[in-house]
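Summary of structural features
Residues per chain, in single letters:
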Amino acid sequence: MNMTELSPVSDAGKEAGVLARIYQPDCNLAVWQRPLPANITDYVARLHQASSRVSVRQLLPPQQVATALAEQLPDLPGRAALAKDVQQLAEMFACLFELKRVGVRLASLQTAMCPRFHTDRLPCRLVSTYSGPGTHWLNTPQRNQLLEQGGAEPAQWQQLAAGEVALMKGEGWQGQEGCGLWHRSPPVPTGYRRLFLSMDFGE
């Protein structure tokens, strides 16, 4: 499995501005390659050590995300840092797509939500993994192999790293029908939890 190769349908960079590349017709995946601050990784580690479960799913104005999360996340050192980080991503997502509200989902997972490769029937989704394995995705040759084999699992795929922020174009992107990114949730090793964030269009 190759975890680093990029294809013409994707773009990656170490600055947040790379996410705007999703507007280019030849790009259906834009990845901000960023490290997570220590206070966030420490908070996530404490969540897992305490066997605390996180399950947040709300439609919110981006400027209210941190407050809403602070009311629902376990009260451990680093909670405010994680809530602030999610709000920053929500504000960026809302700014890019001129949204008044953002659908935010933050959840601790022990199994794969969507274990088969698929495309989303929506314009675009933001995903990021705070801990555990990142989302699997296919570049153009791998996608073609999947289609040629009638949906059988391809021999290789790509994988996002923990902390990276990705925008994935879906089938609902205007003028790009049939060009959505093929991706899936990764398997979660026994005894581990994955803290996964996704954001969708609110309005």
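Notes on the structure follow. Everything quoted here is computed from the prediction, not taken from an experiment.

1. Some thoughts on the overall build of the chain
When you go through the chain residue by residue, the secondary structure sums to four helices and 10 strands. For the chain, the C-alpha radius of gyration of 16 Å lies close to 17 Å, the compact-globule estimate for 203 residues. Dimensions of the chain along its principal axes, counting C-alpha atoms only, are 50 × 40 × 25 Å. At a minimum sequence separation of 6, the contacts of the chain that also span at least 24 residues come to 76%. Surface summary for the chain: the accessible area is close to 9,800 Å², and the carbon and sulfur share equals 50%. For the chain, the distance from the average site of its 19 positive side-chain charges to the average site of its 18 negative ones is 6 Å.

2. Some thoughts on the pattern of salt bridges
In this structure the tally under the stated criterion is six salt bridges. In this structure, Asp-11 and Arg-21 form a salt bridge, with 2.6 Å as the shortest nitrogen-oxygen distance. One end of the pair, Asp-11, is in strand 1 (residues 10–13); the other, Arg-21, is in the loop between strand 1 and strand 2 (29–32), and 10 residues separate them in sequence. Accessibility expressed as a relative area gives 26% for Arg-21, which makes it partly exposed. Note that Asp-75 is salt-bridged to Arg-79, the shortest N-O span being 3.5 Å.

3. Some words on the sheet that holds strand 6 (residues 136–137)
Spatially, three strands are ordered 7-6-9 in an open sheet, and the strand pairing comes out antiparallel. Since the sheet does not close on itself, it has two edges, and those belong to strand 7 (158–159) and strand 9 (183–184), each with one partner. Bridge count for strand 6 against strand 9 is two bridges, and the pairing is antiparallel. Along strand 9, the bridge assignment pairs His-136 with Arg-184.

4. With respect to the packing of helix 2 (residues 65–72) against helix 3 (residues 79–97)
Interhelical geometry of helix 2 versus helix 3 gives an angle of 145° and a closest axis separation of 8 Å. Judged by the sense of rotation from one axis to the other, the crossing of helix 2 with helix 3 is right-handed. Facing Val-65, Ala-66, Thr-67, Leu-69 and Ala-70 of helix 2, the residues of helix 3 in contact are Arg-79, Ala-83, Lys-84, Val-86, Gln-87 and Ala-90. Residue composition of the contact of helix 2 with helix 3, grouped by class: seven nonpolar, two polar and two charged.

5. Overview of the nonpolar core
Of all hydrophobic cores here, the largest spans 41 residues; its most connected members are Leu-82, Val-86, Leu-106, Tyr-130, Leu-197 and Met-199. Among the elements that take part in this core, helix 3 stands out by supplying nine residues, more than any other. Ignoring anything within four residues of it in the chain, the contact list for Val-86 reads Val-65, Leu-69, Val-104, Tyr-130, Leu-197 and Met-199.

6. Brief notes about the packing of aromatic side chains
A full pass over the atoms with the stated rule returns seven aromatic pairs. Judged by centre distance (5.3 Å) and plane angle (65°), the ring pair of Phe-93 and Phe-97 falls under edge-to-face. Of the two residues, Phe-93 and Phe-97 are both situated in helix 3; the distance of four residues between them amounts to about one turn of the helix. In this structure, Phe-93 and Phe-97 share a single accessibility class: buried. Here the aromatic rings of Phe-97 and Phe-201 are separated by 4.9 Å at their centres, their planes lie at 40°, and the arrangement is tilted.

7. Some details on helix 1 (residues 38–49)
With 12 residues, helix 1 should reach 16 Å at 1.5 Å per residue; the first-to-last C-alpha distance of 16 Å fits that figure. Listed in full, the buried residues belonging to helix 1 are Ile-40, Tyr-43, Val-44 and Leu-47. End-on, the buried residues of helix 1 take up no more than an arc of 95°, which puts them together on one face. What points out from helix 1, more than 90 degrees from its buried face, is the exposed set Ala-38 and Gln-49. For helix 1, the elements touching its buried residues are helix 3, strand 5 (124–131) and strand 10 (194–201). Residue Ser-51 follows helix 1 closely and has a positive phi angle near 55°.

Cut-offs applied
Residues numbered from 1 in each chain as written. Predicted model: local features only at pLDDT ≥ 70, side-chain atom pairs only at ≥ 80, totals over all residues. Heavy atoms only, no water. Helix = DSSP H or I, 4+ residues; strand = E, 2+ residues; numbered from the N terminus. Rg over C-alpha atoms; globule rule 2.2 N^0.38 Å. Contact = heavy atoms within 4.5 Å. Areas by Shrake-Rupley, 256 points an atom, 1.4 Å probe, with all protein chains shown as cover. Lys, Arg positive; Asp, Glu negative; His and termini not counted. Charge placed at Lys NZ, Arg CZ, Asp CG, Glu CD. Salt bridge = Lys/Arg side-chain N within 4 Å of Asp/Glu carboxyl O. Buried < 20%, exposed > 50% of the residue type's maximum accessible area, 1.4 Å probe, protein only. Pairing = 2+ DSSP bridges. Axes fitted to C-alpha atoms, helices over the stretch in contact; angles between N-to-C directions. Left-handed = near helix turned anticlockwise from the far one by under 90°. Nonpolar A, V, L, I, M, F, W, Y, C, P; charged D, E, K, R; others polar. Core = buried A, V, L, I, M, F, W, Y, C linked by side-chain atoms within 4.5 Å. Phe/Tyr/Trp six-rings, centres within 6.5 Å; stacked < 30°, edge-to-face > 60°. Expected span 1.5 Å × (residues − 1). Arc of directions from axis to C-beta.

No statement about biological role is implied by the geometric values presented.
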